[in-house]
Amino acid sequence: MLACLVGSTPVCWVGEPFVSGGQGFWAKLEGANPGGMKDRAALHIVQQARNRGDLVDGARLIESTSGTFGLGLALAGIVYDHPVTVVTDPGMEKLVHRLLVAYGAQIEIVTHPHTSGGWQRARLDRVTELLTREPNAYCPEQYDNPDNVDAYASLGRELVEQLAIVDVLVCSVGTGGHSAGVAREVRRHNPAMRLIGVDAVGSTIFGQPARPRLMRGLGSSIRPRNVAYEEFDEVHWVAPHEAVWACRTLAATHYVTGGWSVGAVTVVASWLARTLPPGTQIAAVFPDGPARYHTTIYDDSYCLEHDLLGRPPASEPEEIKHPDEGEALCWTRMVMR
């Protein structure tokens, strides 16, 4: 069964050149799933909706996505025999667009961003329009659906099985699903575990002003209800050039890499490994692999056009105590408790 391809992903030790002296962190390689980490969420959300009777046999699935959740939803549509419509925007990578078509999904592209909510709000508004036209259709509502959080309990259990103890968990934050779900499961085994969120410069999730963003997969121009704000010990904002440096360095030194979230998480997790006491067990979730980013992160022309090359992050993040204290334009940290 196709669903058996999801889960049981490996962990990889990340050390030098990010961290010296034998220190480092464990990366959970969710890119080993067929479509990435969000395969877990899409399958679980659809299964639970079917179990409750919210989703009837053969009904259409309609959802907004920048890419990865769409791939997971296409998988769920095949597994449970539901047609899929994905609402996206012009920023979706051509590879993801072509894969979704190959997987049988219909694609709706919004052409103008919302005046205050950006592309994300424009996509969600289009989803609402489509749902009114097809009464039996079901929207997974990945930003607000608690099933999205529950879906990542399996990832948390795998981390505990693989590492025994997790002292610090580093997660990118977009919908808020995996950070909340994994943290809840891991804290059952270690209540003292610290949760570190990684957001994108220009994201409004943690109170910063919403700006146009190059990075996709983390950050948001809305505030998803699935973000468990009270669970975070600190949050870091990372800029695109810093994520690109980390992704390319990972590729050259570890033969492991991924997209914007992977790069941003690596910047933060490696700093934690350098600054926390030796022996601290740090786990970082790498949500996907590099395939969909061959025209952005791994394209020299694109990176030159956006001034993303040769600009590694500083050795330490800038610090703010409150989101209103200043706008994060580069790697910036805020302690929340």
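Residues numbered from 1 in each chain as written. Predicted model: local features only at pLDDT ≥ 70, side-chain atom pairs only at ≥ 80, totals over all residues. Heavy atoms only, no water.

- Taking an unreviewed UniProt entry as the reference, the chain is identified by name as PLP-dependent cysteine synthase family protein belonging to Nonomuraea roseola.
- The Cofactor (unreviewed entry) comment attached to the chain in UniProt states, word for word, "pyridoxal 5'-phosphate". (UniProt positions renumbered as here; feature names shortened; annotations may be inferred.)

1. Things to note about the environment of Tyr 80
Inference 1: Position of Tyr 80 among the secondary structure elements: in helix H2 (residues 68–80).
Inference 2: You can call Tyr 80 buried: its relative accessible area is 18%.
Inference 3: A C-alpha to C-alpha distance of 26 Å links Tyr 80 and Lys 94, two positions 14 residues apart in sequence.
Inference 4: Ignoring any residue separated from it by four or fewer positions in sequence, one finds Tyr 80 in contact with Leu 43, Val 46, Gln 47 and Arg 50. (Helix = DSSP H or I, 4+ residues; strand = E, 2+ residues; numbered from the N terminus. Buried < 20%, exposed > 50% of the residue type's maximum accessible area, 1.4 Å probe, protein only. Contact = heavy atoms within 4.5 Å.)

2. Details of the packing of aromatic side chains
Inference 1: A complete count under the given rule lists six aromatic pairs for this structure.
Inference 2: When the centroid spacing of 5.5 Å and the interplanar angle of 80° are considered together, the rings of Phe 206 and Tyr 229 count as edge-to-face. Placement of the pair is Phe 206 in the loop between strand E7 (194–200) and strand E8 (234–238) and Tyr 229 in the loop between E7 and E8, with a sequence separation of 23 residues.
Inference 3: Looking at Phe 206, the relative accessible area reads 4%, which means it is buried.
Inference 4: Cluster of aromatic residues (ring-pair linked, three or more members): Phe 206, Tyr 229 and Phe 232. (Phe/Tyr/Trp six-rings, centres within 6.5 Å; stacked < 30°, edge-to-face > 60°.)

3. Section: the UniProt feature "domain: Tryptophan synthase beta chain-like PALP" (unreviewed entry) in the chain
Inference 1: In this numbering, the UniProt entry assigns the feature "domain: Tryptophan synthase beta chain-like PALP" (unreviewed entry) to residues 6–288.
Inference 2: Each end of residues 6–288 is marked by a C-alpha atom, and these two atoms are 13 Å apart; helix forms 39% of the span and strand 16%.

4. With respect to the pattern of salt bridges
Where charged atoms of side chains with opposite charge meet at close range, the side chains can pair.
Inference 1: Per the counting criterion, the structure on display carries 25 salt bridges.
Inference 2: The closest approach of N and O atoms between Arg 292 and Glu 93, which form a salt bridge, is 2.9 Å. Remark: Glu 93 occurs in the loop between strand E4 (84–88) and helix H3 (94–102) and Arg 292 occurs in the loop between strand E9 (282–286) and helix H10 (300–305); sequence separation between them is 199 residues.
Inference 3: On the basis of relative accessible area, Glu 93 is assigned to the buried category, the value being 6%.
Inference 4: A salt bridge links Arg 187 to Glu 231; the nearest nitrogen and oxygen atoms lie 2.6 Å apart. Of this pair, Arg 187 sits in helix H7 (residues 177–187) while Glu 231 sits in the loop between E7 and E8, placing them 44 residues apart in sequence.
Inference 5: On the basis of relative accessibility, which here comes to 13%, the residue Arg 187 falls in the buried class.
Inference 6: Residues joined in a network through salt bridges with shared partners are Lys 28, Glu 30, Arg 40 and Glu 158. (Salt bridge = Lys/Arg side-chain N within 4 Å of Asp/Glu carboxyl O.)

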